[in-house]
Amino acid sequence: MTVTVAEIINNAKRILQEVTAEGTRWTNDELAGWLNEFYQAAVGLKPDVSTVNEELTLAAGTKQTIPTAGLRLIDVIRNTGGNMTGISVTTRKSLDTIRRAWHSDPATSRIEHYVFDDLDPRTFYVYPPAEAGAAVEILYATVPEPHDVGSTFAVYGLELFRLNDAYAPAATDYLLYRAFSKDAESPQNLGRAQMHFQAYAQQLTGK
């Protein structure tokens, strides 16, 4: 990652024709606040833009929770004990059909399957039930740490963009969407806001 916060904000300011150093109609702090908002919106729209791959120590039993900083689980990859076997995803319906009492099966440190539901994105279940201290490697989405807009632009402007540089144009479009939405009572600005929102969403999702 090599793109800075200042580069993204200045790109947006050029399109907005905001020529003053600190910004007049749209200040640096306001644009940087929308950049922080972009991180949240981007992860919500496409969770894999910001992921963490780490080992998770499991609680005893089937029900598990990703770390506090996590937004949603993406994958459970493998066991990380002595036998590093892979773990595959299955459905709760499948386990309920084959082994009605699977939550009560003997506990083990070797997990074979996991169950995930989009309606409860921070929770997942493992089978067989985990022994306390069993560990697996997981991949989960997380919202990047926000930039400290309370400091001066000379400081936070030098910070690096928190996502892969490939998403910097989408960030610029998101800032422009929010900026033109500020004056959405003008049909022209409303149209430009919608155009930049569509560009932001298309760059993230391909749709």
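Scroll up a little and you will see the structure.
Residues numbered from 1 in each chain as written. Predicted model: local features only at pLDDT ≥ 70, side-chain atom pairs only at ≥ 80, totals over all residues. Heavy atoms only, no water.

Focus: the packing of aromatic side chains
Operational definition: When the centres of two rings from Phe, Tyr and Trp lie within 6.5 Å, Trp using its six-membered ring, the rings pair. Their planes under 30 degrees apart give stacked, over 60 give edge-to-face, and anything left gives tilted. A run of DSSP states H or I qualifies as a helix once it reaches four residues; a run of E qualifies as a strand once it reaches two. Both are numbered from the N-terminal end. The classification of residues rests on relative accessible area computed with a 1.4 Å probe and restricted to protein chains. Under 20% of the type maximum is buried, over 50% is exposed, and intermediate values are partly exposed.
Enumeration over the complete set of coordinates arrives at 12 aromatic pairs. With a centroid separation of 6.4 Å and an interplanar angle of 65 degrees, the aromatic rings of Trp26 and Phe180 are classed as edge-to-face. One end of the pair, Trp26, is in the loop between helix H1 (5-16) and helix H2 (28-45); the other, Phe180, is in helix H5 (residues 168-181), with 154 residues separating them in the sequence. Neither residue differs from the other here; Trp26 and Phe180 are each classed as buried. Centroid distance Phe38 to Tyr200: 6.0 Å. Interplanar angle 70 degrees. Geometry classified as edge-to-face.

As for the sheet that holds strand E3 (residues 70-79)
Working definition: the strands of a sheet are paired by backbone hydrogen bonds and lie parallel or antiparallel to each other. Formally: When DSSP finds at least two bridges between two strands, those strands are taken to pair. Axis definition: a line fitted to C-alpha atoms, over the contacting stretch in the case of helices. Angles run 0 to 180 degrees between N-to-C directions.
Spatially, E1-E7-E3 is the arrangement adopted by the 3 strands of the open sheet, whose pairing is antiparallel. Strands at the two margins of the open sheet, each flanked by one partner only, are strand E1 (51-57) and E3. Averaged over neighbouring strand pairs, the angle between their axes works out to 30 degrees when direction is ignored. Pairing between E3 and strand E7 (residues 135-142): 7 bridges, direction antiparallel. Note on E7: the bridge partner recorded for Asp75 is Leu139.

As for the packing of H2 against helix H6 (residues 187-205)
Quick reminder of the rule: Convention used here: angles under 35 degrees read as roughly parallel, angles over 145 as roughly antiparallel, angles from 65 to 115 as roughly perpendicular, and any remaining angle as oblique. By the definition used in this description, the sense in which the near helix is turned from the far one sets the handedness, with an anticlockwise turn below a right angle giving left-handed and a clockwise turn giving right-handed. Contact definition: two residues touch when any of their heavy atoms are within 4.5 Å.
Where H2 contacts H6, the axes come no closer than 10 Å and their chain directions differ by 50 degrees. Between H2 and H6, the angle falls in the class oblique. As H2 runs across H6, the sense of the crossing is right-handed. Contact residues: Phe38, Ala41, Ala42 and Leu45 in H2; Tyr200, Ala201, Leu204 and Thr205 in H6.

Let's talk about H6
Selection criterion: The span one expects for a helix is its residue count, reduced by one, times 1.5 Å. The arc under discussion is defined with respect to the helix axis, by the directions toward the C-beta atoms.
With 19 residues, H6 should cover 27 Å at 1.5 Å per step; its first-to-last C-alpha distance of 27 Å lies within 8% of that length. Residues Asn189, Ala193, His196, Tyr200, Ala201 and Leu204 constitute the buried set of H6. Looking down the long axis of H6, one finds its buried residues gathered within 135 degrees of arc, a one-sided arrangement. Away from its buried face, by an angle of more than 90 degrees, H6 presents the exposed residues Pro187, Gln188 and Gln198. Looking at the residues trailing H6, positive phi occurs at Gly206, about 80 degrees.

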